Every structure is written in structure tokens, then in C-alpha cells.
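A closer look at the structure
These are the residues of each chain, in order.
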Amino acid sequence: MQEQKRAIIHIDLDAFYASVEQRDHPEYRGKPVIVGGSPDRRGVVATASYEARQFGVHSAMPSRTAFRLCPSAVFLPVRFEVYRAVSQQIMAIFHQHTVLVEPLSLDEAFLDVTESVHGLDEAVQLAREIKRQIREQTELTASAGVSYCKFLAKIASDRNKPDGLTVITTQEASAFLEALPIEKFFGVGKVTAARLRTLGIQTGADLKRLGELRLREVLGKHGAQLYHYACGEDNRPVEPVRVRKSVGKEVTLEHDIRDQEQMERILEKLATQVEHRLIELGLAGKTLTLKVRWSNFDLLTRAISRPQGFQQAGEMLPVLYSQLSRLIDGKQAVRLLGVTVSGLFSQEAWLRERQVSTPSLWSKELSQE
Ligand code: TTP
Ligand code: MG
């Protein structure tokens, strides 16, 4: 049975990190810019401006190789905080048009706009409007793809980068997919592509010809899915992310332990992982929870809240250690340790909080800018 036709928009910013750098440093505009690890260390390229891509530079390439290909490029470190702020701006724009927004990364999302438009023509107009809003509010360009399913919308957005807007209608889909190289199909990486090529399969038309049963034999469940994609069938819904309630890490130990110092070292590792994730998400949290599971499987949690919240491991550890020493009696061994921060709020609020409570630290942070 044919489902009701949907209208899906996929939006992806162009050379995201590099474009932000060119926006903030006008002297780099029109020049090859490479954002990522430094070429004299063992860094990799996060992304390259379109000018640098002409030299063959691309994401995930060792920075040293990038330097060899394009020695005149400006190499810049990643400014994750700035990109995250831009990401929040574009996600807010998307949410003005539908609640069905599924972010795939900082610069990319699917929007299901079926309820806001009549047909794909109107979805194209809406995509154009969203691109305009992005340009106006962030001074950055995005590419958009419009189609009746996620897979085709994503491929469409990649068709005319940068600053592209491409629609693949139901009528066009079949011819389009038949000509599409297998690497472009969702879920086909290098390994699967090589495997298919040994069977003489190069394009969507070949996939269709091979048939669902044979593809299932070769690739299992994924093969059947691939066959449906080749036929232009992709009913996966756009799934808005649930609101995150906490950030936590825990570890079940290989051997139960009694040594408190060993436990402290593990807590340090866990707290550092939680800190990194919080920074990545731009969050801090009011409540810090220590979780301990004893060797007899009894579970204990201890939660401490403070108004200025927790983000850095260095601030979590004294609290965790003191909680731990109150719990440990030397008799029971521990089989699991966990650290969770909940009651999350944005980092901007966290920094404001610190500005009031620890002015010296704030000014130090500012002077490092
Ligand atoms: P992409 O959207 O894949 O790439 P892009 O925006 O730089 O370029 P395009 O115009 O082709 O969309 O990724 C978004 C950002 O994610 C990118 O600017 C940097 C980061 N990133 C990495 O850090 N490592 C990677 O391997 C990739 C692919 C991206
Ligand atoms: Mg992008």
C-alpha cells in the first residue's frame, strides 16, 4: 500500500567550519582554508573551504597530506563553541517551520514539512525561504534537497553544492535512481560497494535488476532495504530528537575492586568523559550523581546539587571522592561505578553563573580568547 506522500527537506551547510572561519575573518574569503589539526602534529582535516577542495583536500585527510597538496592554505584550529552556536541558530530557524526536525549533525537536519505545504513545489519555496533565513541570520550558505523521502532529500541536497536547491519529484525519482552510482545509496560504504562491484553492480538500475531476493542473499537485511531504496521506497520517518535529561558514563569493572585509590582513578576517567560530552553539547548540569554497584548487585546512588552546576571534571571530583569515602567501608567490593550530571542547562547560563561567583576565573577565560 502506498503511504501518503510526504514532503521532506534536507538542509546541509556548505563547508561548515571553514565557512564560519571565512565569515569571521574576511581576509580569508576566497582563499583555501583548512580547519582541523595542525599539519606539524598528527592532526586530521575537519573540513576545507571549497577553494581548498580544488587542490584535492577533504575531510578526515591527514593535515600533513593537506599541506602537501595545498601549502598556501590557511590552517585554522577548530572553534567548536562558535560552530555550536551557529548550529543552535539554524536549528531554531528549522523549528519555526515544523516540529519534525531531525538533526544529523551540527550543520545538517531533515525536516518533515508535509503539514505545512501542499506538494513538493511549495516545499521548494519553503526550502528557499529557509536558506534565505540562514543567510540573513548567520551570513552562511546552505544547500537544500527536497523530495518525498529522506534518502532522496539527502542526495538532492548534495547535488548542487554550494548554495544549491534541488528537488527530486516522484516522477523523476525512478530515472534518477537508476543512474545513481551505488556508493551514493544510503548505507553503502566502501566495503559493501566493493562487494557489489564484484557482482557487476554499479548503479541503481543494476540493484533493481539483481532483485530483492538475491540482494538479501548477498547483504542480508540491508540488501533488502537497498533494493527498496533503488525502487524509490523509503518510509523512514523524520524523528525529532528527544530532549536530553542527563549526561552520564559508567563502567562495569572487569574484576570487583576494594581499593579506594583505584576507584578514584576510575571516577576521574568517567568524570573527564562526562566533561567532554557536556562541553560538546554546550551544557552543564545542576546535579551530580555518583553510582556504585556492590559485588552483591546492590545499587547505591548519591546526588549532590549546587546552583552554579557542574561541567568540569575538576569540580566534580572532590564531591565524588567525598561521597565515595562515605560509602566505602572496605568490606564490600565494587563492581560498577558511574558518574551522571543531570538538571541540564545551557553553557551560556553556566558561564554567567561563574562570572558572578568566580570573577577571577572568568577574566582568565576572557584573556585567553
Ligand atoms: P559536512 O556537512 O559533511 O561537510 P561540510 O559542511 O564541511 O562541507 P559540505 O559543503 O560538503 O557539506 O560536515 C559538517 C562539519 O562537520 C564540517 O564542516 C566539519 C565537521 N566534520 C569533521 O570534523 N570531520 C569529518 O570527517 C566530516 C565529514 C565533517
Ligand atoms: Mg555541510
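As the structure is a computational prediction, the values presented were derived from the model and not from experiment.

On to the nonpolar core, then. Counting 36 residues, the largest nonpolar core has Ile9, Ile11, Phe94, Leu111, Ile130 and Ile134 as its most contacted members. If you list the elements that add at least two residues to this core, you get β1 (8-13), α1 (16-24), β2 (33-36), β4 (74-76), α4 (80-97), β6 (108-112), α5 (119-138) and β7 (142-147). No other element matches the seven residues that α5 contributes to this core. Setting aside its immediate chain neighbours within four residues, Phe94 contacts Ile11, Val101, Ala109, Leu111, Ile130 and Ile134. Listed in part, the 27 residues of the second largest apolar core include Val292, Ile328, Leu337 and Val339.

Here the focus is the site of ligand 1. Lining the immediate surroundings of ligand 1 are 14 residues, of which Ala15, Phe16, Thr47, Tyr50 and Arg53 lie closest. The contact in question runs from an oxygen atom of ligand 1 to an N or O atom on the side chain of Arg53, over 2.8 Å. Protein burial of ligand 1: of its 560 Å² of free accessible surface, 68% is covered by the chains. In terms of residue class, the shell around ligand 1 is built from seven nonpolar, two polar and five charged.

This part takes up the coordination of the magnesium ion (ligand 2). Of the protein atoms, only Asp12 (OD), Leu13 (O) and Asp107 (OD) coordinate the magnesium ion (ligand 2), at distances of 2.0 to 2.3 Å. Note that the magnesium ion (ligand 2) binds six donor atoms; their angles at the metal cover 81 to 178 degrees, and the shape is octahedral. On the accessibility criterion, Asp12 (13% relative accessible area) is buried. Asp107 sits in the buried class, given a relative accessible area of 10%.

A few words now on the packing of aromatic side chains. With the rule as written, the count across this model stands at seven aromatic pairs. Relative to Phe75, the ring of Phe67 has its centre 6.0 Å away and its plane inclined at 55 degrees; by these criteria the two rings are tilted. On the accessibility criterion, Phe75 (21% relative accessible area) is partly exposed. Taken together, the ring pairs connect Phe151, Phe185, Phe186 and Tyr229 into an aromatic cluster. Against the face of Phe310 rests Arg306, its NZ or CZ located 4.3 Å from the ring centre.

The rules we used
Residues numbered from 1 in each chain as written. Chains lettered and ligands numbered in written order. Predicted model: local features only at pLDDT ≥ 70, side-chain atom pairs only at ≥ 80, totals over all residues. Heavy atoms only, no water. Core = buried A, V, L, I, M, F, W, Y, C linked by side-chain atoms within 4.5 Å. Buried < 20%, exposed > 50% of the residue type's maximum accessible area, 1.4 Å probe, protein only. Helix = DSSP H or I, 4+ residues; strand = E, 2+ residues; numbered from the N terminus. Contact = heavy atoms within 4.5 Å. Near = heavy atom within 4 Å. Polar contact = N/O pair within 3.5 Å; in protein donor to acceptor, adjacent residues only side chain to side chain. Areas by Shrake-Rupley, 256 points an atom, 1.4 Å probe, with all protein chains shown as cover. Nonpolar A, V, L, I, M, F, W, Y, C, P; charged D, E, K, R; others polar. Donors = N, O, S within 2.8 Å, 3.2 Å for Na, K, Ca; no water. Tetrahedral: all angles 85-135°; square planar, octahedral: opposite > 155°, others 65-115°. Phe/Tyr/Trp six-rings, centres within 6.5 Å; stacked < 30°, edge-to-face > 60°. Lys NZ or Arg CZ within 6 Å of the ring centre and 35° of its normal.

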